[in-house]
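# Working through the structure, step by step
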Amino acid sequence: MDIQNTVTRVKGEYKDYLRRTHPDWAESTVSTHVSDAFYLYQNNIVLSFWKCFADDNSIAAAQQDLLDYFTNEVLSSRAGERAKGYCKDLTMLKEFIDSKGGVRQYIGYEYDCEATIYQYAKKVYNGELEAKDAVKALCAEVPCFGEGSHKFTVGTLFTAMMNGKTYTWKANTELTSYFIAHIGQDYGQDKLSNALRATQENIKYYYGQTGNKSTSIRRSCRRIGDQYGIDISFGDNIFDGIIPKKSSDTVLTVDAASTRYWLYAAGDGSANWESDYAEGIMAIGWSGMGDLSVYSSKEEMRGKMRELYGGTGSYRNQVLATWQFANEIKPGDVVFVKKGLKKVVGRGIVEGEYVYDEQRGEFCHTRKVCWTDKGEWEHPDQYVLKTLTDMTPYTDFLKKMQALFDGDRSEAFLDAEEKTTIYDPYTPEDFLQDVYMDAEWYQILKFLLLTKKNVILQGAPGVGKTFAAKRLAYSIMKEKDTSRVQMVQFHQSYSYEDFIMGFRPTEANFALKTGVFYEFCRKAEKDDERPYFFIIDEINRGNLSKIFGELFMLIESDKRGVELQLLYADELFSIPGNVHIIGMMNTADRSLAMVDYALRRRFAFFEMPPAFASSGFQAYKAKINNIKFDRLVETVERLNKEIIEDDSLGEGFCIGHSYFCTKINISDQWLHAVVEFELIPLLKEYWFDEPAKVKNWSRALQEAIK
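No experiment lies behind these values; they were computed from the predicted model shown. (Residues numbered from 1 in each chain as written. Predicted model: local features only at pLDDT ≥ 70, side-chain atom pairs only at ≥ 80, totals over all residues. Heavy atoms only, no water.)

## Overview of the packing of helix α26 (residues 627-645) against helix α27 (residues 668-686)
Basically, it comes down to this: In this description, a line fitted to the C-alpha atoms serves as the axis of each element, helices being fitted only across the stretch in contact, and the angle between N-to-C directions of two axes falls anywhere from 0 to 180 degrees. Here a helix means four or more residues in a row that DSSP labels H or I, a strand means two or more in a row labelled E, and each is numbered from the N terminus. Orientation categories follow fixed angle ranges, with anything under 35 degrees roughly parallel, anything over 145 roughly antiparallel, 65 to 115 roughly perpendicular, and all other angles oblique. Every residue pair with non-hydrogen atoms within 4.5 Å of one another is taken to be in contact. All amino acids are sorted into three groups, where Ala, Val, Leu, Ile, Met, Phe, Trp, Tyr, Cys and Pro are nonpolar, Asp, Glu, Lys and Arg are charged, and the leftover types, Gly among them, are polar.
Direction vectors running N to C along α26 and α27 enclose 10°, while the axes themselves pass 12 Å from each other. It follows from the interaxial angle that α26 and α27 lie roughly parallel. The segment α26 lies against α27, with Lys-628, Phe-629, Leu-632, Val-636, Leu-639 and Ile-643 engaging Asp-668, Trp-670, Leu-671, Val-675, Leu-679, Leu-683 and Tyr-686. For the contact of α26 with α27, the per-class residue count stands at eleven nonpolar, no polar and two charged.

## What to know about the state of the cysteines
Here, the word disulfide means a covalent bond between the sulfur atoms of two cysteines. We count it as follows: Here, a disulfide means two cysteine sulfur atoms that sit within 2.5 Å of each other. For every residue, the accessible area obtained with a 1.4 Å probe (protein chains only) is divided by the maximum for its type, and the residue is called buried under 20%, exposed over 50%, and partly exposed between those limits.
Counting across every chain of the model gives zero disulfides. Looking at the unpaired Cys-87, the closest cysteine sulfur is the one in Cys-52, lying at 9.1 Å. Owing to a relative accessible area of 5%, Cys-87 belongs among the buried residues under this scheme.

## As for the packing of aromatic side chains
So the rule is basically this: Any two rings among Phe, Tyr and Trp, with Trp reduced to its six-membered ring, count as a pair given centres within 6.5 Å; such a pair is stacked if its planes are under 30 degrees apart, edge-to-face if over 60, and tilted if neither. To sit over a ring, a charge needs its Lys NZ or Arg CZ within 6 Å of the ring centre and within 35 degrees of the ring normal.
Tallying each qualifying case throughout the model produces 42 aromatic pairs. Centroid distance Phe-517 to Phe-534: 5.1 Å. Interplanar angle 80°. Geometry classified as edge-to-face. Of this pair, Phe-517 sits in helix α22 (residues 516-525) while Phe-534 sits in strand β12 (residues 532-537), placing them 17 residues apart in sequence. Judged on exposure class, the residue Phe-517 and its partner Phe-534 are both buried. Directly above the aromatic system of Phe-38 lies the positively charged group of Lys-11, at a separation of 5.3 Å from the ring centroid. Here the guanidinium or amino end of Lys-123 rests over the ring plane of Tyr-120, the centre of that ring lying 5.4 Å away.

## Some remarks on the nonpolar core
Spelled out, the test is: For the purposes of this section, nonpolar cores are sets of buried Ala, Val, Leu, Ile, Met, Phe, Trp, Tyr and Cys residues that join through side-chain atoms within 4.5 Å.
One finds Met-161, Phe-179, Ile-180 and Leu-196 to be the most contacted residues of the largest nonpolar core, which totals 41 residues. Where this core is concerned, the elements lending two or more residues are α7 (113-125), α8 (131-141), α9 (147-163), α10 (173-187), α11 (189-210) and α12 (215-228). What Phe-179 contacts, discounting residues up to four positions off in sequence, is Glu-114, Ile-117, Tyr-118, Ala-121, Thr-153, Leu-157, Phe-158 and Met-161. Ranked by size, the runner-up nonpolar core spans 34 residues in total, among them Val-7, Ala-37, Tyr-39 and Leu-66.

## Considerations on the side chain of Arg-367
Put simply, the rule reads: Residues adjacent in sequence count toward polar contacts only when both atoms are side-chain atoms; beyond that, a polar contact is any pair of N or O atoms within 3.5 Å, and within protein one must be able to donate a hydrogen and the other to accept it.
By secondary structure assignment, the location of Arg-367 is in strand β6 (residues 365-378). Residue Arg-367 is classed as buried on the basis of its relative accessible area, which comes to 2%. Only 2.8 Å separates the side chain of Arg-367 from the backbone oxygen of Phe-325, close enough to count as a polar contact. Among the polar contacts listed, one links the side chain of Arg-367 to the backbone oxygen of Ala-326, at a separation of 3.3 Å. For Arg-367, the contacting residues outside a window of four places in its chain are Gly-280, Ile-281, Met-282, Phe-325, Ala-326, Asn-327, Ile-329, Lys-330, Val-350, Gly-352, Glu-353 and Tyr-354.

## Digging into helix α14 (residues 298-309)
Selection rule: A helix is expected to span 1.5 Å multiplied by its residue count minus one.
In this model α14 runs 16 Å from its N-terminal to its C-terminal C-alpha over twelve residues, within 8% of the 16 Å that 1.5 Å per residue would give. Contacts made by the buried residues of α14 are with α15 (316-327). Looking one or two residues past α14, Gly-310 carries a phi angle of roughly 80°, positive in sign.

## Re unusual backbone geometry
Although it is not a glycine, Trp-286 adopts a positive phi angle of roughly 65°. Locating Trp-286 in the fold gives a position in the loop between β2 (281-284) and α14. Trp-286 sits in the buried class, given a relative accessible area of 17%. Positive phi, close to 55°, is recorded for Asn-625, a residue that is not glycine. Structurally, Asn-625 can be placed in the loop between α25 (615-624) and α26. Assessed through its relative accessible area of 65%, Asn-625 is described here as exposed.

## Considerations on the confidence of the model for the protein
The criterion, for reference: Values of pLDDT, which run from 0 to 100, indicate the predictor's confidence residue by residue.
Residues with a pLDDT of 70 or more make up 88% of the protein, whose mean pLDDT is 82. Element-level pLDDT for the protein is lowest in helix α17 (residues 413-419), with a mean of 42, against a maximum mean of 94 in β2. Under a pLDDT of 50 for its full length, residues 408-420 has, in the predicted model, 15 contacts with residues more than four places off or in other chains. Low pLDDT (under 50) marks residues 590-594, which in the prediction has eight contacts with non-local residues, meaning those over four places away or in another chain.

## Quick word on the sheet that holds strand β9 (residues 485-489)
For clarity, the cut-off: Strands are treated as partners if at least two bridges between them are detected by DSSP.
Across the sheet, which stays open at both edges, the five strands sit in the order β9-β12-β15-β8-β16 with parallel pairing between neighbours. The open sheet has two edge strands with one neighbour each: β9 and β16 (604-607). Sheet twist, expressed as the mean angle between neighbouring strand axes with direction ignored, is 20°. Here strand β8 (residues 454-459) pairs with strand β15 (residues 579-586) via six bridges, running parallel. When the sheet's bridge partners are listed, Leu-457 is paired in β15 with Met-584. Packed on one face of the sheet, helix α20 (residues 465-477) meets β8, β9, β12 and β15 and runs near 160° to β15. Along the sheet, α22 contacts β9, β12 and β15; its crossing angle with β12, the most-contacted strand, is approximately 165°.

## Thoughts on α15
In an α-helix, one full turn covers 3.6 residues, which means residues spaced three or four apart are oriented alike. With twelve residues, α15 extends 16 Å between its outermost C-alpha atoms, agreeing within 8% with the 16 Å of an ideal straight helix rising 1.5 Å per residue. The secondary structure elements touched by the buried residues of α15 are β1 (261-265), β2, α14, β6 and β7 (388-390).

## Things to note about the environment of Arg-347
Its location among the elements puts Arg-347 in strand β4 (residues 343-350). Overall, the relative accessible area of 4% leaves Arg-347 in the buried class. Residues Arg-347 and Tyr-264, 83 residues apart in the sequence, show an inter-C-alpha distance of 9.7 Å. A polar atom in the side chain of Arg-347 sits 2.9 Å from the side chain of Asp-373.

Next up, the structure:
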C-alpha cells in the first residue's frame, strides 16, 4: 500500500511551510514540530488520523484522545500538559492543511478510504454485489491498496469479523479499527463481539508467527470494547502459553570482535556455488553499485539503489546485504552456503577482505573463502529469503547447523574456533585509558564484582556503561577473550524460557530447549579455574523474578554452587562461582519502575557519573586540540550543573562524556550533528514542559560551536 507515501509527502510539504513561516527556527526545531504533529499517527492513538483535521471539534476530540493515552497508557503525571503540547502542533498542522483547501481536498481519496472499502465490504456481505466487482471498483477508487488487499478486506476480513472466525492475514490497523467500530454501529453488539473475537485470534496468531504484540490495534480494540461494554481481553495475558516461532532461537548481542556466522546464497538458488567453491570465493551481485567500499553509510547506498532501480522503497535487505558484505564480514568468520529454503551445501572460513572486481560482471563483489565442507544437508528450520544473513545471534540455529556437519563430535566446529584463538592482552592500564575512570574507582569496582559476584553499572545516558562493562571483564581476564563474555538485553517480554529453559515448537510438536544463561553456566562450569562474565543490558527492564525463576536465589554470592531442581527438567542446576554478572541501568529512563528490592539485595550498585574531569578525558581533549570542542564540553558541564539542581531531574539525567568520544576526526559537521541531533533532542525530552529553558540551552550549545 502507498498510504505511507501520502504521509511522507505531507510531512515534507509541512516542513517547507514551517521553514517559510518561521525562518528564525533552527532545522532541528522544525523537525521536532513536524514529528510532534504526527505523534497521533505514529502511535495509532486515533482511528483515522486525517479525520482530526476536519474542524475544531475534531481537534478537540484528538486532544481528548491524547489525554486518555497519556493518562491510561503512558501513566504520565503530566498527561494534561503533554496532551495540550501535542495538540498545539496538531492545530498548526491543521492551519497548513486548511491553507491547501482543507483536509478532504488536500488528502484526496485517502481521506475516506476506510469508509469506501467498508461500504463495498458491506455490499458483498449483504449479497448486493459480487466480490470480483467490488474489488474492481475499489482498485479504481482506492488505488493505494492492491487487488490482493481488496480481495482480503471485502471478502475474508469482513466475513471473518462478522462470523467471529480467525483470519491469518495482517490487516492495516486503521482499516481494521474502522471495520470493528462500524460493525458495532451497523450490525449490533453480537456482531461487534464476533469482530473483536476474530481480531483477538488474529493478533494471537500473528504473535505466534512473528513475536509482534500488535500494541496499536489492541489499544483500539480495547477502547471499542470498553465503549460498548464488551468484556474481551486485549491485554498481554492473551499471549500466555504462546511461544513465537521467531523466538525459538536465543538472540544475543553480537560483539564485533567475535567470530560471526553468515548464511549465504551463492546466486539465485545457489547457481554459482560450484564456481565459488572452485575459485575459493563468495560473491554477491548489485554490480551497478560499483565499488561498495566508497559508500560512507547505508543511507548513501539506499539513495544509489533508488537511483539505479527506481521507486521510493527502503531497499532494506539489499542495503543491509551490500553494507555487511563490504564492511562487517571479516577474516575468521564462518560462512554457510544455503540452497532453497532448507538445504545447506557448504561451509567455509573467510580469509580475505572485500574486493571489487569489475571484470567478473554481475557478481563483482567478492571475498576469499577457504571452503572446508561441500555436500548437501537439510536443516530442520526454514531459512530466510535473503542473499546474506548474520546468524551469529541465533545460537539454537547454529547448533543445528553445527550438528549437520559435525554430528555428535565432542569438539564441535563452532567451539573449536574459540578454543584455538589467541586473544589480545588487556590490562587494567588499558581499561583506565579506554574508560576514563580513576584508578581508585576502578579498584573499587573490580573488588565489588569479584566479591559480590553481581554488579549493576548505573548512570545517565552517555557515561559508557556498556563500553565499560566489557572492558571491565577483559581487564580482569587480562585478555579480550570474547568466548568468556556473553551479553543479552532484557525487555518486558524476556522470559525464563529464553534465559534458562523452556519448550519450543518444532515441526512435529514441542521440544525442550535450553536458554542462553543455562548454556553459559554449563560452559563456565567446565572451565572453573577461569572467570566468566555475563553482561545484561537494561537489566531493570526485565522481570527478574520471572526471568531467573527458581535460580534468582542462586545468583547471590554465598549461594553459588548450591543446586536446585529446574522447573522444566529432571536435573539439579547451580550457578558456578566463576560466573560474574554485570548489569547496566539507565537512570534517566522515565519509563522504568522502581527497582525490585530483591534485585538490590543481590547486586552491588556502582554509579558511573560523566567523566569530563577525569585525567583520561582531559588527555583525550588535549589530544583533539579543538577550541570549539573545548567550548562545547565546558557548556555541557555547566548544563549538567543545572540538570543536577533541577528538582524534576537530578544527577541521574546528566549528559555523559561518551557523546563526545569518537575515533573519527572532530569536524564542524560532527560537532553540529552532536548538538542538533543528540543533545538538543535530549533536552527537549527532559524539559518538554519548559520550552524557554530548552531554547536558552539550545542556543548556548549552538553558540559554543560557532
